[in-house]
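Fold and contact review
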Amino acid sequence: MAHVPFEYGLYLAAVLFLIGLVGVLVRRNLIFVLASIEIMLNAAGLAFVVAGARWERPDGQVMFIFILSMAAAEVAVGLALALLYRRVFDTLDIDEASRMRG
């Protein structure tokens, strides 16, 4: 079985996290922002799995399962808010949130 170096896994996690961060900062569509947050969560999970594999401990996989369950909850709540946001403002542009009052 081939062995992937520890540094390569962390580099991949860092690149994925940066892609997600750029997506959150640059995009204006709510769906793309939610997808970018998912990429960032998966990058954090990958870093946990790589670190757990490095020290031959299952802790990283346990944390990844926790991150996946948190991401599923984020998707459910985020998409519900996106539907409500679309109904109220008739757009998914995040800049329209400045019109909210309350």
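Predicted, not measured: the structure shown is a model, and the values here were computed from it. (Residues numbered from 1 in each chain as written. Predicted model: local features only at pLDDT ≥ 70, side-chain atom pairs only at ≥ 80, totals over all residues. Heavy atoms only, no water.)

As for the overall build of the chain
Defined as follows: Numbering of helices and strands starts at the N terminus; helices are DSSP runs of H or I of at least 4 residues and strands are runs of E of at least 2. For the radius of gyration, the atom set is restricted to C-alpha positions; the globular benchmark scales as 2.2 Å times the number of residues to the power 0.38. Classification of residues uses two cut-offs on accessible area relative to the type maximum, computed with a 1.4 Å probe and protein chains only: under 20% is buried, over 50% is exposed, and between them is partly exposed. Any pair of residues with heavy atoms lying within 4.5 Å of one another is described as a contacting pair. All accessible areas in this document rest on Shrake-Rupley with a 1.4 Å probe, and a residue is counted as covered only by the protein chains that are shown. Working convention for charge: Lys and Arg count positive, Asp and Glu count negative, and His plus the chain ends are omitted. Lys charges are placed at NZ, Arg charges at CZ, Asp charges at CG and Glu charges at CD.
Across its full length, the chain holds 3 helices and 0 strands. Its helices and strands taken in sequence order, the chain reads α-α-α from the N to the C terminus. Over its C-alpha trace the chain gives a radius of gyration of 17 Å, far above what one expects of a compact globule, namely 13 Å for 102 residues. Principal-axis analysis of the C-alpha atoms places the extent of the chain at approximately 55 × 25 × 25 Å. Within the chain, buried positions represent 24% of all 102 residues. Within the chain, contacts between residues separated by at least 24 positions form 54% of all contacts whose residues are at least 6 apart in sequence. Counting every atom, the chain has about 7500 Å² of accessible surface; 69% of that belongs to carbon and sulfur. A distance of 7 Å separates the average location of the 8 positive side-chain charges in the chain from that of its 9 negative side-chain charges.

Re the packing of aromatic side chains
Selection rule: Ring pairs shown here join Phe, Tyr and Trp side chains whose ring centres sit within 6.5 Å, with only the six-membered ring taken for Trp; geometry is labelled stacked below 30 degrees between planes, edge-to-face above 60, and tilted in between. Any Lys NZ or Arg CZ found within 6 Å of a ring centre and within 35 degrees of that ring's normal is scored as a charge over the ring.
As enumerated under the stated definition, the model contains 2 aromatic pairs in all. If you follow Arg54 out to its NZ or CZ, it ends over the ring of Phe6, 5.6 Å from the centre.

Quick word on helix α1 (residues 6–26)
The criterion, for reference: For a helix, the expected span equals 1.5 Å multiplied by the residue count minus one. Taking the helix axis as origin, the arc is that swept by the directions to the C-beta atoms.
Compared with an ideal rise of 1.5 Å per residue, which puts 21 residues at 30 Å, α1 spans 30 Å between its outermost C-alpha atoms and is within 8% of the ideal. Within α1, the full set of buried residues consists of Gly9, Ala13, Gly20 and Gly23. In an axial view of α1, the angular spread of the buried residues amounts to 85 degrees, which keeps them on one side of the axis. In α1, those exposed residues whose orientation departs by more than 90 degrees from the buried face are Tyr8, Tyr11, Leu18, Leu25 and Val26.

Thoughts on the side chain of Asp93
Formally: Counting of polar contacts relies on pairs of N or O atoms within 3.5 Å, with two restrictions inside protein: one atom must be capable of donating a hydrogen and the other of accepting it, and residues adjacent in sequence are counted only when both atoms are side-chain atoms.
Along the chain, Asp93 falls in the segment after α3 (59–89). For Asp93, the side chain forms a polar contact with the side chain of Arg28, separated by 3.1 Å. Apart from the residues lying within four places of it in its own chain, the contact partners of Asp93 are Arg28 and Tyr85.

Let's talk about a nonpolar patch on the surface
This is how the line gets drawn: Patches draw on residues past 30% relative accessible area with no salt bridge. Two like charges within 9 Å are joined, as are two nonpolar side chains (Val, Leu, Ile, Met, Phe, Trp, Tyr) within 5 Å. Salt bridges are defined as contacts in which a side-chain nitrogen from Lys or Arg sits within 4 Å of a carboxyl oxygen from Asp or Glu.
Taken together, the side chains of Phe17, Leu18, Leu21, Val22, Leu25 and Val26 present a nonpolar region at the surface, about 570 Å² in accessible area. Residue position: Phe17 is located in helix α1. On the basis of relative accessibility, which here comes to 36%, the residue Phe17 falls in the partly exposed class.

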